[in-house]
Amino acid sequence: MGILKPYLKNNYLSIIGAVISVIVLAGSTLWQPKLLQTIMKAIIANNRTEVYDYGVQLIVLALIGIVAGITSTFFSAKVAQAVTTDLRAELYDKIQEFSFGNIEKFSTGSLVVRLINDMNQILNLVMTMLTQILRIPLLFVGAFVLGIITVPRLWWIEILMIGLILLLTGAVFSHMGNLFAKFQKWLDKMNTVAKESMQGIRVVKSFNQEENEAKKFATTAGELKNLNLTIGYLFSLLIPAFMLISNLMILLAVYLIGAKITSHPNDLAAIASFISYLMQLMFAIIIGAMTMTMASRGMISMNRVKEVLETKPDIEFSDSSVEDTLASNIEFENVSFAYPNASEDSLKNISFEIEAGNFVGIVGSTGSGKTTLAQLIARLYDPTKGDIKIGGKKLQTIAASTLRKTVSFVLQKAILFSGTIEDNLKQGKSDATNEEMEWALDVAQAKEFVDKYDDGVKHRVEERSANFSGGQKQRLSIARGIIGKPKILILDDSTSALDAKSEKLVQQALESEMKTTTVFMIAEKISSVIKADTILVLDDGELVGMGTHKELLENSPIYREIYAAQLSRIGGQA
Amino acid sequence: MKDFKLSIAYFKHYLKPYWKGLIFVVGLTIISTWAQIKAPVYLGKAMTSLSKYLVAYMNPATHQSASLANFHNALWMILGFYLLSVFTMLISSLLISRINALSTNKMQRGLFGKLQKMTISYFDRHQDGKILSLFTSDLDNIFNAMNQAIFELISQVVLYIGVIWMMFSLNVKLALATVASTPFVILIAFFIIRKARYYIDNQQDEISKLNGYVNEQINGEKIIITNGLQKKSVENFKVLNERVRKSTFKGQLYSGMLFPLMQGLSLLNLAIVIAYGSWMVINGDVGKAVGLGLVVTFVQYSQQYFQPITQITSMYSMLQLALTGAKRLSTVLKQPEEQVNKDGRKLLEVNEGVELKNVHFGYNSEKEILHGIDISVKKGKMIALVGPTGSGKTTVMNLLNRFYDVTNGEVLFDGTDVRDFELHSLRKNVGIVLQDSVLFSGTIADNIKFGLPEATEAQMIAAAKQAHIHDYIESLPDKYETKVDDENSILSVGQKQLLSIARTLLTDPSFLILDEATSNVDMVTEEKIKKAMDNVIAGRTSFVIAHRLKTIVEADEIIVLKDGVVIERGNHQKLLKDKGFYYNLYVNQMVFE
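Keep in mind it's a predicted model, so treat the numbers as computed, not measured. (Residues numbered from 1 in each chain as written. Chains lettered and ligands numbered in written order. Predicted model: local features only at pLDDT ≥ 70, side-chain atom pairs only at ≥ 80, totals over all residues.)

*Asks:* What am I meant to see in the overall build of chain A here?
*Replies:* Of regular secondary structure, chain A possesses 19 helices and twelve strands. For 574 residues, the compact-globule estimate of 2.2 N^0.38 gives 25 Å, and chain A exceeds it by more than 25% at 36 Å. The buried share among the 574 residues of chain A stands at 45%. Long-range pairs, those at least 24 residues apart, make up 79% of the contacts in chain A between residues at least 6 apart in sequence. (Helix = DSSP H or I, 4+ residues; strand = E, 2+ residues; numbered from the N terminus. Rg over C-alpha atoms; globule rule 2.2 N^0.38 Å. Buried ≥ 20, exposed ≤ 12 C-beta atoms within 10 Å, placed from the backbone. Contact = placed C-beta atoms within 7 Å.)

Here it is, written out as structure tokens:
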């Protein structure tokens, strides 16, 4: 609840409006049976003017109820919207402060769910809170008290009814939560079976497994059906049971009033309103129970959002130092790194120096730490031990904007954002000119296909960049990476979907066009980095070799092994 | 109207088996409603007799003879009606729950079963997400409506008619006063519903825009971080977020307003009825005792009378969704199914070879993809298909196990057209290894045994060993019982591929289609994949869509496809000598100096 406080405060006027209208609404609901009673009395007393007066009052009261109902919705919706919009913005803001480590801890999928589904739950929670949380207790207490005032000697009927209904709701709703959770679980399972079967339909069909799949589906659907039956039966019992309780109480009340009518003749006029209060009491309990089940879902979401808000970003940049230009030589001093919660270091005591303008290849098998090393250069993580320096300056002392301008990182997975090609390129340099875009596309070997579009760089990028092939995406992503002419460029296996020829062309262009840029290229194939000034060979987190292709062939057994394996892959024809 | 018929046909199909139960439910509902509306009459009578008793009791002349007998009789009647109504309601809701659970289960199974029988072409033409939404959205909407609306609708309609009938039979004037506001109320309700729907559509639009943005941004968060785009991302978010606030406010306002408004109107109506009723009594239109009873009765009726109107208006959108869902499902159930050719010849083994003869094919009639292809492979030989993206390699594969049928020409197994075989026997003999390995949620054992669930453990392990994945599986804590799923898996891309090779090996097909993966995997896994592929190809007749030169070099014949035509064919040596397309392709791959 705490995370909502500041936003609730900002909207206190609307909240007061909502509260007042809820009170008025509850009041008008409660007062109505009372008026009914007085009007009955007036009928019995044959008092024409009173009947007329109370009749008008009754109608006015109903009108007030309508107005209060509408204003209550108005204010509640307003507050709920304002609060959740602001909270969602805060949440998004927070996520944007996150580092790679933070994001991986939560996973992108879960962050999206929190921003969307959980926020929806919170919206509902705030809305119900504002409309129900006051109304239900007011109605409950009001109906209870007014009922007793109406027919004081029957107070115990109210108590009896509350007891019975609480017993029933308690018994049923405590099971319900559990059953609904189970139901959701099996529903998800069933949908997963369906999804996987659709996605793997070619496999299913070529293995003739249609019937077995249908059986598998039927099993999960069967579980769901059984739960459905249980829940359905419980509900089937619930509503008639409520009716039975309230009906019997009403009957009992009427009978008892009748039995003593001679000593309490005024009760005759009270019967109708007493019945009304009994009904209001019952609805207050039922709606209260339902609101509580809903609120508990909202509270879970609230905690999930809170968890994100309370997370500290792993990496904080010094904002003191002003933006400046750095030299592009890089130094690693005894750098070790372990991912959070990992038992073993991913990088072990790595030291090396790279001169400005060098082309550096990084090779090694999967899991050897290539990407990790590259990510440390861009300060996507901080090393657990040791120092990294760019242009002689420790990474921790460099302002975020300086670092991002100096170091450009092209990720292995080429992700483009929907919009135009231009929009995506400008993510690398917000004020890029047409010439700069042209240049970047040319170097990345993307010009040939971008030029084919009538609208050129204004060509649309669809969602999930579905209208581009893997190779095209990578080329555009490289163009985005180089457009700002970074001092240091990191290519994390960013040419994997390019054919050998295009890959070579990209490399040649980088070489001739970005002479002063220090390039780190992570490669699966040694052929990609064979010309590098320096190749770093990683094995299980350790730097086991460093030098040119020739030098490494001579003195690094691991490098030789990898190279030999790759030669055989292409059939030993090299 | 045609849509409506489709929707109704869908419900009819799935509810038909329960027609006896349904009629029973309707009968019970009528009884229960009748008892429900009869009870207030006796409550009124009780009031009347009680008031008469009081008057008689107060009057010394009749003091002695005053009796509560009538009052008690009325109470007994009420009790009877209450019990009857509760009991019938209980039975009918139990029945409804049962029918709902059973029929929705049948709908789910029906849809799934149907999808399993449909052609690959259907799946290629529809996004997975869209197909899945048949389950997650359409069936779900129907389920909700069945649970909360459809039967409710029946009982509400019965209640509505019953109440009107009772009111008019009791007192026409009061009845008229009760129903007088109805047209007005319905007009207001529909006005608000229309507004609400408009704003909620609007709201959904804005929300889905925001969702789309959030989804894309968060999924690309690493790009945002590496390019330092956080500020921009937040700015754009705020614009969308603000728009959501505005549209959601209106959506919530109008949809939230409906309920309090209807309740308020019902109270207003009640006030009118009470006021009018009292005025009638005071004016002497009816006797005082009877009048009191009538007012009490009508107080209950006017509440019951409004209930269906409120309920039905609030169910409106739910019903709408269910009807749309039923229409969509109805359309799916009408889709053509795969031709199984039950009485066709059984293919037991490929003994001679496989041949494509002058094959023409297009996914739609306007655009032909393959323009007269001739390929033949003898038993035990291997064909490598090579060519640029879009040349038709995958299409050839689709024709071999009848994912699609040729538009012209023939695909022959041992000289017999594939269309003459019983489909399952054909597919039993054709094994495929796809480029993207698909895994199903379950254990590793489930996945290896996918094609042959009855396989023994020894067979499974043998296949895993041949696929060079056994050692890795044994290194896992749960070994073959390790749980995997397609998305979040402990298996790397390469290992998934090994697993799918093991899956194919286990079924021991005599003919094999293999689509080599292009993805980069590390050296060790690469080596394993190569060995596993060698094992799976050995001794089988095979078609390989080849990306690795090693595979291509070893092929008995290389077919170079371009734009749907075979442009070169022959073995590696011959094609190199020809210095054609293949030669260029080969040289480009050869980047080693």
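*Asks:* Help me understand the domain arrangement of chain A, please; the structure alone is not making it clear to me.
*Replies:* One frequently used descriptor of interface size is the decrease in accessible area upon assembly of the parts. Parsing chain A into structural domains produces domain 1 (2-309) and domain 2 (330-569). Tallied by class, residues from the side of domain 1 of chain A that touches domain 2 of chain A come to one nonpolar, two polar and one charged. (Domains from an automatic or database assignment. Nonpolar A, V, L, I, M, F, W, Y, C, P; charged D, E, K, R; others polar.)

*Asks:* Help me understand the UniProt feature "transmembrane region" (unreviewed entry) in chain B in this model?
*Replies:* Residue and element names in this part refer to chain B. The sites that carry the UniProt feature "transmembrane region" (unreviewed entry) are, in the present numbering, residues 21-37, 74-97, 149-168, 174-193 and 253-279. Across residues 174-193, helical content stands at 90% and strand content at 0%; the span's end C-alpha atoms are separated by 29 Å. Helix makes up 100% of residues 253-279 and strand 0%, and the two end C-alpha atoms of the span are 38 Å apart. (UniProt positions renumbered as here; feature names shortened; annotations may be inferred.)

*Asks:* Sorry, what's going on with the domain arrangement of chain B here?
*Replies:* With domains assigned, chain B is organised as domain 1 (1-171) and domain 2 (353-589). The gap between the C-alpha centroids of domain 1 of chain B and domain 2 of chain B is 58 Å.

*Asks:* Explanation requested: the interface of chain A and chain B in the structure shown.
*Replies:* Contacts between chain A and chain B engage 118 residues on the former and 120 residues on the latter. Per element, the largest residue contribution to the side of chain A that touches chain B is 27 residues, and it comes from helix 3 (residues 48-96) of chain A. The class makeup of the residues in the side of chain A that touches chain B is 63 nonpolar, 36 polar and 19 charged.

*Asks:* In this structure, what is going on with the sheet that holds strand 2 (residues 347-354) of chain A? I would like to understand it.
*Replies:* Two pairing modes exist for strands in a sheet, parallel and antiparallel, and in both the strands are linked by backbone hydrogen bonds. Residues and elements named next belong to chain A. Strand order in this open sheet of four strands is 2-1-4-5, and the pairing throughout is antiparallel. Of all the strands in the sheet, just strand 2 and strand 5 (393-394) have a single pairing partner and so form its edges. Note that strand 1 (residues 330-337) and strand 2 share five bridges and pair antiparallel. Along strand 2, the bridge assignment pairs Phe 337 with Leu 347. Running at roughly 125° to strand 1, helix 11 (residues 370-377) makes contact with strand 1, strand 2 and strand 4 (385-390) of the sheet. (Pairing = 2+ DSSP bridges. Axes fitted to C-alpha atoms, helices over the stretch in contact; angles between N-to-C directions.)

*Asks:* Looking at this model, I keep getting lost on the nonpolar core. Mind explaining?
*Replies:* Nonpolar side chains in soluble globular proteins tend to end up buried together. In terms of nonpolar packing, the biggest core is built from 134 residues, with Ile 39, Val 126, Ile 271 and Leu 278 of chain A together with Ala 46 and Ile 274 of chain B touching the most fellow members. If you tally residues by element for this core, the top one is helix 9 (residues 230-282) of chain B, at 19 residues. Discounting chain neighbours no more than four positions away, the residues touching Val 126 of chain A are Val 79, Ala 80, Val 83 and Thr 84 of chain A. Of all hydrophobic cores here, the second largest spans 102 residues; its members include Phe 207 of chain A together with Met 107, Val 396 and Leu 400 of chain B. (Core = buried A, V, L, I, M, F, W, Y, C linked by C-beta atoms within 7 Å.)

*Asks:* I'm lost on the pairing of strand 9 (residues 511-515) of chain B in this one. Help?
*Replies:* On a regular strand, one side chain projects to one face of the sheet and the next to the other, so that they alternate. Residue and element names in this part refer to chain B. Within strand 9, four of the five residues are buried, which leaves it mostly tucked inside the rest of the structure. As paired strands, strand 6 (residues 430-433) and strand 9 are joined by four bridges and run parallel to one another. For Val 433, the partnering residue across the bridge sits in strand 9 and is Leu 514. Sheet analysis places strand 9 next to strand 10 (residues 541-545), joined by five bridges and oriented parallel. Its bridge partner being in strand 10, Asp 515 is matched across the sheet by Ile 545.

*Asks:* Got a minute to help me understand the environment of Asp 493 of chain A in this structure?
*Replies:* Residues and elements named next belong to chain A. Tracing the chain through its elements places Asp 493 in the loop between strand 9 (488-492) and helix 17 (500-513). Under the C-beta neighbour-count criterion, Asp 493 is labelled buried, with 22 such atoms within 10 Å. Taking the C-alpha atoms as reference points, Asp 493 and Ser 365, separated by 128 residues in sequence, lie 13 Å from one another.

*Asks:* Explanation requested: the environment of Leu 237 of chain A in the structure shown.
*Replies:* All names here are of chain A. As for its position among the elements, Leu 237 is in helix 9 (residues 210-259). Assessed through the 16 C-beta atoms surrounding it within 10 Å, Leu 237 is described here as partly exposed. Taking the C-alpha atoms as reference points, Leu 237 and Asn 47, separated by 190 residues in sequence, lie 46 Å from one another.

*Asks:* Looking at this structure, I do not really get the packing of helix 2 (residues 12-44) of chain A against helix 6 (residues 135-150) of chain A. What am I missing?
*Replies:* Geometry of a packed helix pair, given as the angle between the helix axes and the separation of the axes. Residues and elements named next belong to chain A. Their axes nearest at 9 Å, the elements helix 2 and helix 6 cross at an angle of 20°. As summarised for this structure, helix 2 and helix 6 are arranged roughly parallel, according to the angle between their axes. With respect to the hand of their crossing, helix 2 and helix 6 are arranged in right-handed fashion. Across the interface between the two elements, Val 22, Ile 23, Leu 25, Ala 26, Thr 29, Leu 30, Lys 34 and Gln 37 from helix 2 touch Arg 135, Leu 138, Leu 139, Gly 142, Ala 143, Leu 146 and Thr 150 from helix 6. (Parallel < 35°, antiparallel > 145°, perpendicular 65-115°, else oblique. Left-handed = near helix turned anticlockwise from the far one by under 90°.)

*Asks:* What is the right way to look at the confidence of the model for chain B in this model?
*Replies:* In low-pLDDT segments, the atomic positions of the prediction should not be examined closely. Residue and element names in this part refer to chain B. Mean pLDDT over chain B stands at 82; residues scoring 70 or higher make up 95%. Looking across chain B, the model is least confident in helix 20 (residues 581-589), with a mean pLDDT of 71, and most confident in helix 3 (residues 69-117), with 89. Under the prediction, the complex receives an ipTM of 0.78, its pTM being 0.73. (pLDDT = per-residue confidence, 0-100.)

*Asks:* Would you explain unusual backbone geometry in this entry?
*Replies:* Leave glycine aside and you will find that most residues have negative phi; peptide bonds, for their part, are mostly trans. The phi dihedral of Asp 540 of chain A falls on the positive side, at around 50°, and the residue is not glycine. By the secondary structure assignment, Asp 540 of chain A is in the loop between strand 11 (534-539) and strand 12 (542-547). Of note in the backbone geometry, Asp 563 of chain B takes a positive phi value of approximately 50° without being a glycine. Looking at the element boundaries, Asp 563 of chain B is found in the loop between strand 11 (557-562) and strand 12 (565-570). Exposure remark for Asp 563 of chain B: the 13 C-beta atoms within 10 Å place this residue in the partly exposed category.

*Asks:* Hey, could you run me through the UniProt feature "transmembrane region" (unreviewed entry) in chain A in this one?
*Replies:* Here the UniProt-annotated "transmembrane region" (unreviewed entry) positions come out as residues 12-31, 51-75, 122-149, 155-181, 233-257 and 269-295 of chain A. The distance separating the terminal C-alpha atoms of residues 233-257 of chain A is 36 Å; by composition the span is 100% helix and 0% strand.

*Asks:* Honestly, the packing of helix 2 of chain A against helix 3 of chain A in this entry has me stumped. Any pointers?
*Replies:* Residue and element names in this part refer to chain A. In the contact formed by helix 2 and helix 3, the axes pass within 8 Å of each other and the chain directions differ by 160°. On the basis of their axis angle, the class for helix 2 and helix 3 is roughly antiparallel. Here helix 2 and helix 3 pass one another in a crossing that is left-handed. Of the residues assigned to the contact of helix 2 with helix 3, the class counts are 18 nonpolar, 14 polar and two charged.

*Asks:* Is there a simple way to explain the sheet that holds strand 4 (residues 408-413) of chain B in this structure?
*Replies:* Residue and element names in this part refer to chain B. With antiparallel pairing, four strands are arranged side by side in an open sheet as 2-1-4-5. Edge strands, defined here as strands with exactly one partner in the open sheet, are strand 2 (370-378) and strand 5 (416-417). Packed on one face of the sheet, helix 11 (residues 393-400) meets strand 1 (353-361), strand 2 and strand 4 and runs near 115° to strand 1.

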